[in-house]
Amino acid sequence: MGRPRISVIIPTHNRAELLDRAIKSVLAQTFEDFELIVVDDASTDGTSEVVAEFDDPRIRYIRLKKNSGAPTARNTGIKKSRGAFIAFLDDDDEWLPHRLELQVKRFEELDEEVGVVYGGFYYVSQQTGKIIGKRMPAHRGWVYRNLLVENFVGSPTLLIRRECFKRAGLFDPKLTSSQDWDMWLRIARYYKFDYVEDVVAKYYVHGRQITFNLDRYIPGRERFIRKHKDIWKDPRILSIHLSQMGILLLLGGRTQKGLSYLARSIALSPFNWENYKKIMELALDSRATEYIKKLLHFNR
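Residues numbered from 1 in each chain as written. Predicted model: local features only at pLDDT ≥ 70, side-chain atom pairs only at ≥ 80, totals over all residues. Heavy atoms only, no water.

Taking burial as the measure, the seven residues of strand β2 (residues 34–40) include seven buried ones, the bulk of the element. Of the crossover connections in this fold, the one passing from strand β1 (residues 6–12) over helix α1 (residues 16–27) to the parallel β2 is right-handed. Two elements, β2 and strand β3 (residues 59–63), share five bridges in a ladder whose sense is parallel. The partner of Leu 36 across the bridge, within β3, is Ile 59. Remark: the β2/helix α2 (residues 47–52)/β3 crossover connection has right-handed handedness. (Buried < 20%, exposed > 50% of the residue type's maximum accessible area, 1.4 Å probe, protein only. Helix = DSSP H or I, 4+ residues; strand = E, 2+ residues; numbered from the N terminus. Right-handed = clockwise from strand over helix to strand, strands pointing away. Pairing = 2+ DSSP bridges.)

As structure tokens, this is what we get:
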């Protein structure tokens, strides 16, 4: 068997009830020259049985001996992959059928300075299956500066040249959150990004306990900021990060710490009106709870 054009990597842990949907969405792709690597992060449910139900030679199943986290699972998939391009799909998300075909065609039109092609995605409620939002691509070219401010890329929408990981490295297992953002930012130092102007994935939002997520999210985000010196060297950019964390903490009921972050943000950049605008928008937005769920899910 020759090398596939694309390696698709699904890291999974105890999501047997959702994994079936993710795998089916990959196998339904109109572009068929791919391998699908399911990396089981030591699940204790029926994950292996779910994978075994699919009779498709393109599927490879790898089980880790101990639970090591999504970054390690993804890195295992990358190391075992054979494709010229790599794409990721979380076990609780879903691709639309034209996802790979559109992005392969886009890559064929671009020069080798472009390392990533991404696309738009729907936010979908896991509980109801209803679309609760949509995010379309906004930045192309050298997007490093844009990524310093915001993670505008949805992880189930990226198609990445294999060589990007050789130059930028692999996912950082020391981060308890923001691992995707960290990876895309490091790639953006060396490669341009481009996009297709289409929705190519569904990003499922769970109604999980906010305080539980914050216990992982805030320390990971703090480590992410310390890691990327271009963030904390620029007061305006750092103030945006602190403001966002402050808002998340307030919405999650961590009032004292949230106000502390907002105070530091304002002190750093008192005329950064974007911070005040965001605070007012969220204070008046009845969908604030959905916002925090989306943001925590998006930057997990």
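On to the pattern of salt bridges, then. Tallied over the entire structure, the rule returns 22 salt bridges. Of the charged contacts in the structure, one is a salt bridge between Asp 56 and Arg 58, with a shortest N-O distance of 2.8 Å. On the basis of relative accessible area, Asp 56 is assigned to the buried category, the value being 18%. One network of salt bridges, with partners in common, ties together Arg 106, Glu 109, Arg 140 and Asp 194. (Salt bridge = Lys/Arg side-chain N within 4 Å of Asp/Glu carboxyl O.)

Relative to the helices and strands, Gly 115 resides in strand β6 (residues 114–125). Accessibility expressed as a relative area gives 0% for Gly 115, which makes it buried. Beyond its immediate stretch of four places on either side in the chain, Gly 115 contacts Phe 107, Leu 159, Ile 160, Arg 161, Cys 164, Tyr 191 and Lys 192. (Contact = heavy atoms within 4.5 Å.)

With that out of the way, let us pick up the nonpolar core. In this structure, Phe 88, Leu 147, Ile 160, Phe 165, Trp 184, Ile 187 and Phe 193 are the most contacted members of the largest nonpolar core, which totals 46 residues. With residues near it in sequence (within four places) discarded, Ile 160 still touches Ala 84, Phe 85, Ile 86, Phe 88, Gly 115, Val 116, Phe 165, Trp 184 and Ile 187. Counting residues in each nonpolar core, the second largest holds 34 residues, with Ile 6, Ile 10, Val 50 and Trp 95 among its members. (Core = buried A, V, L, I, M, F, W, Y, C linked by side-chain atoms within 4.5 Å.)

This part covers the packing of aromatic side chains. Scanning the model with the defined rule gives 11 aromatic pairs in all. Each ring, one from Phe 121 and one from Tyr 203, has its centre 5.3 Å from the other, and the planes form 40°; the classification is tilted. Of the two residues, Phe 121 sits in strand β6 while Tyr 203 sits in strand β9 (residues 192–205), which places them 82 residues apart along the sequence. Considered together, Phe 121 and Tyr 203 belong to a single accessibility category, that of buried residues. Summarising the aromatic geometry, the rings of Phe 165 and Phe 171 are spaced 6.4 Å apart at their centres and angled 35° between planes, so their arrangement reads as tilted. Taken as a pair, Phe 165 and Phe 171 share a single burial class, namely buried. Here the aromatic residues Phe 88, Phe 165, Phe 171 and Trp 184 are joined through ring pairs into a cluster of three or more. Between the NZ or CZ atom of Arg 21 and the centre of the ring of Tyr 204, over which it lies, the distance is 3.6 Å. Above the ring of Phe 88, the side-chain terminus of Arg 74 is found at 5.0 Å from the ring centroid. (Phe/Tyr/Trp six-rings, centres within 6.5 Å; stacked < 30°, edge-to-face > 60°. Lys NZ or Arg CZ within 6 Å of the ring centre and 35° of its normal.)

Look at helix α10 (residues 235–251) against helix α11 (residues 255–268): their axes get within 8 Å of each other, and the N-to-C directions meet at 160°. It follows from the interaxial angle that α10 and α11 lie roughly antiparallel. The two elements α10 and α11 cross, and the hand of that crossing is left-handed. In this structure, α10 contributes Pro 235, Leu 238, Ser 239, Leu 242, Ser 243, Met 245, Gly 246, Ile 247, Leu 249 and Leu 250 to the contact, and α11 contributes Thr 255, Lys 257, Gly 258, Leu 259, Tyr 261, Leu 262, Arg 264, Ser 265 and Leu 268. Split into classes, the residues belonging to the contact of α10 with α11 amount to 11 nonpolar, six polar and two charged. (Axes fitted to C-alpha atoms, helices over the stretch in contact; angles between N-to-C directions. Parallel < 35°, antiparallel > 145°, perpendicular 65-115°, else oblique. Left-handed = near helix turned anticlockwise from the far one by under 90°. Nonpolar A, V, L, I, M, F, W, Y, C, P; charged D, E, K, R; others polar.)

The subject of this paragraph is the side chain of His 241. Its location among the elements puts His 241 in helix α10. Non-local contacts of His 241, meaning those with residues more than four positions away in its chain, are made with Leu 148, Val 149, Trp 181, Arg 221, Phe 224, Ile 225 and Ile 231.

With that settled, consider the environment of Phe 31. Assignment of secondary structure puts Phe 31 in the loop between α1 and β2. Judged by relative accessible area, which is 16%, Phe 31 ranks as buried. Separated by 68 residues in the primary sequence, Phe 31 and Arg 99 place their C-alpha atoms 8.3 Å from one another. Sequence-distant contacts of Phe 31, that is, excluding residues within four places in its chain, are made with Arg 5, Ile 6, Leu 100, Glu 101 and Val 104.

Within the secondary structure, Gln 103 is located in helix α4 (residues 99–108). Ignoring sequence-local partners within four residues, the contact set of Gln 103 consists of Val 117, Tyr 118, Gly 119, Thr 157, Leu 159 and Val 196.

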